[in-house]
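# Overview (structure and organization)
Chain by chain, the residues:
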Amino acid sequence: MITQEPVQLKKERNLAITWGISFLILFPLLIFLGLLMRLGQGELIKLLLANFYAFMTLHGLGMAGLLFSISFAAVWYLISTRYTKLNLKVGYFIFFTIIIGFAGLTFGTLIGKFGAGWYMLYPLPFKDPTWFVWSIKISIISLTVLGIAWLTGILYLLYALLKEYKGFKNLLGWQFASEIGEHKDIPPIIFITSISLIAAIPGFIVGIAIMCMYLFQSFEPVLSFNAVLLNNMTFFFGHTLSTVTLYCSIAWVYALLPEFTMRVWKTNKALLYCWYASLFLMLISYAQHLFMNFIHPLSAYHAGLLAAYLSTVPPTVITILGVFEQLYHSKIKWGIIPLLFLLGTAGLAIGGFVALLNIYQAFNKILHNTLWVPAHFHSYTLMGIVLFVLGFLFYLFSPINYQQKDKLAKTGFWIFIAGGYGFILMFYLGGFNSIPRSFARYTGTGFKNMHATAVSLSQISVGFIIVIIIGLLLMYISLFFRLFKKKDQQHLTDNTVY
Ligand code: HEM
């Protein structure tokens, strides 16, 4: 632990609040796009096909990017205020570059109608596009800008940690596994963040490489790349991005939950080995997505399947056990922050379990590209990562001793939970009924019954999205009330362990 000057702490907090407020503005806007999509699928409004796919692309890319950005910002804040000094100028540079990237992407999708979906598989963006040709260029340039900003942030944070902990051996906790390295305690947040960021580097390099290839192609249409290679690269990047986001958000639960249970949560051998499994196997586990790509050998898919089980089960299980150990018979007061962390862990467990079912061959054959897929990733993002992010923001915005009093936040929270699970349930039921994903209109399915079921589920889903928005609104009021509370209240991070 380092002790920072109050002025420095304040500056770091301001940066984190800037990130937090940007998240709170962009998140509901992206939800609104989701609402429009469901309204269109439910035939409650007429949504042009071009608009649906532009919304879907911006929603998917925007949400994935937003969650990664805020997760990065949260670990940055906790590390910079507790463990090592970080350069604020680099922090603001990353922030503004990301905002520019988001603005460009919004322009390319909403104005230029770029609608190739969030993973824009090659050669879809270029093949008989219904969108303006310039929108491909602007969207690709914006994504490249985002990729460079993220990679810069990751490399800088790792560099700072390596300097503070004097090399990889200490940073990765080898002193626990052997007698190598300095005997310095390694806090779980540092260890897990490091593991995640190391794994993120190849993923982001590949992501930027894809964008460069797309950029060449957009300027030189006669170029042609190997579609199978690009398919692999895209899944490799997408899978790494979502996993790393999840792991970073778990990292701050390890740091913050103990402040409410008053129990220590230390790094030990079991924790180390479980997360090492993830570090080594996360990078090949993307191959689980290759099952339906018949051109790949089945063995590649099986390797991916095994890697997916071995890389996700150990860290998830050790985290869930850790949360139980923290809470069991503790005298915790159930304020909004621990509630968000507990239910976030439940969302992670549910989404994770369903994902593992999904990739299993027998299920994959039936559920592939049905609404089951959005169901599973909305489970662990909306009901997992988003809850962890809100928990962090409540922590960041709160004065001390202001944890249990807020009924409004808790009311909003339970409404959000009800709406969230209801919304996701409609996706699961869609999956059970073999309703395909990414269909703007269900008239195209060709089956009368399927059309009727899909439309009804979409309509019910609209109701749940409105419930989510109401819950979110109540939590927002509470959040901003905390933020603007009297200045004389001491803030939680003024180096006080709560
Ligand atoms: C209340 C919140 C949300 C609503 C209403 C919503 C709604 C939707 C809808 C209707 C779709 C299209 C599903 C289909 O027919 O295939 C979709 C897709 C998607 N959503 Fe969400 N979503 C929400 C939250 C999130 C969050 C938190 C994430 C975080 C990563 C996310 C990421 C995605 C992605 C990646 C896609 C797929 C886009 C594509 O295939 O190109 N969504 N969402």
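A brief structural summary. Since the model is a prediction, treat every value here as computed from it, not as a measurement.

### Here's the deal with the overall build of the protein
- Helix and strand counts for the protein come out as 16 helices and zero strands.
- What you see for the protein is a C-alpha radius of gyration of 22 Å, in line with the 23 Å of a compact globule of 498 residues.
- Structurally, the protein occupies a C-alpha span of about 60 × 50 × 40 Å along its principal axes.
- Counting only residues that meet the buried cut, the protein has 59% of its 498 residues in that class.
- Within the protein, counting contacts between residues at least 6 apart in sequence, those at least 24 apart form 81% of the total.
- On the protein, roughly 20,800 Å² of surface is accessible, and the fraction owed to carbon and sulfur atoms is 71%.
- Across the protein, the mean location of the 31 positive side-chain charges is 7 Å away from that of the 14 negative side-chain charges.

### With respect to the nonpolar core
- Phe27, Trp252 and Leu393 are the most contacted members of the largest nonpolar core, which has 164 residues in total.
- Considering every element that reaches this core, the biggest residue donor is helix α2 (residues 49-82), with 18 residues.
- In this structure, Tyr301, Leu305, Ala308 and Leu356 belong to the second largest nonpolar core, which totals six residues.

### Points about the packing of aromatic side chains
- The final tally for this structure, using the stated rule, is 37 aromatic pairs.
- A ring pair is formed by Phe126 and Tyr214, whose centres lie 5.4 Å apart and whose planes are at 85 degrees; its orientation type is edge-to-face. With Phe126 in the loop between α3 (88-111) and α4 (133-164) and Tyr214 in helix α7 (residues 188-219), this pair connects stretches of sequence that are 88 residues apart. As far as the burial class goes, Phe126 and Tyr214 line up, both buried.
- Connected via pairs of aromatic rings, a cluster forms that spans Phe68, Phe72, Trp76, Trp150, Tyr156, Phe204 and Phe237.
- The aromatic ring of Phe219 is capped on one face by Lys137, whose charged end is 4.9 Å from the ring centroid.

Rules used throughout
Residues numbered from 1 in each chain as written. Predicted model: local features only at pLDDT ≥ 70, side-chain atom pairs only at ≥ 80, totals over all residues. Heavy atoms only, no water. Helix = DSSP H or I, 4+ residues; strand = E, 2+ residues; numbered from the N terminus. Rg over C-alpha atoms; globule rule 2.2 N^0.38 Å. Buried < 20%, exposed > 50% of the residue type's maximum accessible area, 1.4 Å probe, protein only. Contact = heavy atoms within 4.5 Å. Areas by Shrake-Rupley, 256 points an atom, 1.4 Å probe, with all protein chains shown as cover. Lys, Arg positive; Asp, Glu negative; His and termini not counted. Charge placed at Lys NZ, Arg CZ, Asp CG, Glu CD. Core = buried A, V, L, I, M, F, W, Y, C linked by side-chain atoms within 4.5 Å. Phe/Tyr/Trp six-rings, centres within 6.5 Å; stacked < 30°, edge-to-face > 60°. Lys NZ or Arg CZ within 6 Å of the ring centre and 35° of its normal.

All we've got here are geometric facts, nothing functional implied.
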